[in-house]
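For reference, the chains in residue letters:
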Amino acid sequence: MPQYLYKLGVTRPAMLTEGPTEGEATLISAHFERLKTLTEQGVVILAGRTQTTDPDGMGIVIFNAADDDSARAIMETDPAVAGGVMHATLFPYRVALISEANAME
């Protein structure tokens, strides 16, 4: 199955230094829960974010999708993206190596 990566950035950079508003926190929680569900379903391979608070900070989601349209739909329906808290860019991707020993639970 084809693999994709979407790169996430926050729409309001101050969220990383000042914390999220109540509305942002709700969308971020829904974003996390959706990624968790997609991981349990075998769609998401890896999801995470940098721990920096500068403008270069980002999140990534590496996942399986049937085709470009399906991949774009997964990215665009991410609650944080759809809600405007984060912006995302989609890339075709292929995992070359992965270590099961380093997988986080």
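What counts as what
- Residues numbered from 1 in each chain as written.
- Predicted model: local features only at pLDDT ≥ 70, side-chain atom pairs only at ≥ 80, totals over all residues.
- Heavy atoms only, no water.
- Helix = DSSP H or I, 4+ residues; strand = E, 2+ residues; numbered from the N terminus.
- Buried < 20%, exposed > 50% of the residue type's maximum accessible area, 1.4 Å probe, protein only.
- Contact = heavy atoms within 4.5 Å.
- Areas by Shrake-Rupley, 256 points an atom, 1.4 Å probe, with all protein chains shown as cover.
- Lys, Arg positive; Asp, Glu negative; His and termini not counted.
- Charge placed at Lys NZ, Arg CZ, Asp CG, Glu CD.
- Salt bridge = Lys/Arg side-chain N within 4 Å of Asp/Glu carboxyl O.
- Arc of directions from axis to C-beta.
- Polar contact = N/O pair within 3.5 Å; in protein donor to acceptor, adjacent residues only side chain to side chain.
- Core = buried A, V, L, I, M, F, W, Y, C linked by side-chain atoms within 4.5 Å.
- Phe/Tyr/Trp six-rings, centres within 6.5 Å; stacked < 30°, edge-to-face > 60°.
- Pairing = 2+ DSSP bridges.

Let us now look at the overall build of the chain. In terms of regular secondary structure, the chain is built from 4 helices and 4 strands. Of the regular secondary structure in the chain, the N- to C-terminal order runs β-α-α-β-β-α-α-β. Along the first, second and third principal axes, the C-alpha set of the chain runs to 40 × 30 × 25 Å. Expressed as a percentage of the 105 residues in the chain, the buried residues total 29%. Of the contacts made within the chain by residues no fewer than 6 positions apart, 68% connect residues no fewer than 24 positions apart. Total accessible area on the chain stands at roughly 6,900 Å², and carbon and sulfur atoms take up 56% of it. In the chain, which carries 7 positive and 14 negative side-chain charges, the distance between the mean positions of the two groups comes to 3 Å.

Moving on, we come to the pattern of salt bridges. In the structure shown here, the tally under the stated rule is 2 salt bridges. For Arg-12, the salt bridge goes to Glu-18, with nearest N and O atoms at 3.8 Å. A relative accessible area of 28% places Arg-12 in the partly exposed class. In this structure, Glu-24 and Arg-12 form a salt bridge, with 2.8 Å as the shortest nitrogen-oxygen distance. Here Glu-24, found in helix α2 (residues 22-40), pairs with Arg-12, found in the loop between β1 (3-10) and α1 (14-18); they are 12 residues apart in sequence, far enough to count as distant.

Quick reminder: α-helices carry 3.6 residues per turn. Residues three or four places apart thus point the same way. Within helix α3 (residues 68-76), burial applies to Ala-71, Ile-74 and Met-75. The buried side chains of α3 occupy one side of the element, clustering within an arc of 95 degrees when seen end-on. Buried residues along α3 sit against β1, α2, β3 (59-64), α4 (79-82) and β4 (86-93). One side-chain oxygen of the residue at the start of α3 lies 3.2 Å from the amide nitrogen of Asp-69, identifying that residue as Asp-67.

A few words now on the nonpolar core. If you look at the biggest cluster of nonpolar residues, it comprises 19 residues, and the most contacted ones within it are Tyr-6, Val-61, Phe-63, Ile-74 and Leu-90. For this core, the secondary structure elements donating two or more residues are β1, α2, β3, α3, α4 and β4. Those residues in contact with Tyr-6 that sit more than four places away from it in its chain are Arg-34, Leu-35, Gly-59, Ile-60, Val-61, Phe-63, Ile-74, Met-75, Asp-78, Ala-88, Thr-89 and Leu-90.

One pass over the structure, following the stated rule, counts 2 aromatic pairs. Grouped by ring-pair contacts, the aromatic residues Tyr-4, Tyr-6 and Phe-63 constitute a single cluster.

Glancing now at the pairing of β1. Within β1, 6 of the 8 residues are buried, leaving the element largely enclosed by the surrounding structure. The pairing of β1 with β3 spans 6 bridges and is classified as antiparallel. Across the sheet, Tyr-6 pairs through a bridge with Val-61, a residue of β3. Sheet topology places β1 next to β4; 8 bridges connect them, and they run antiparallel. By the bridge assignment for β4, Leu-5 is matched with Phe-91.

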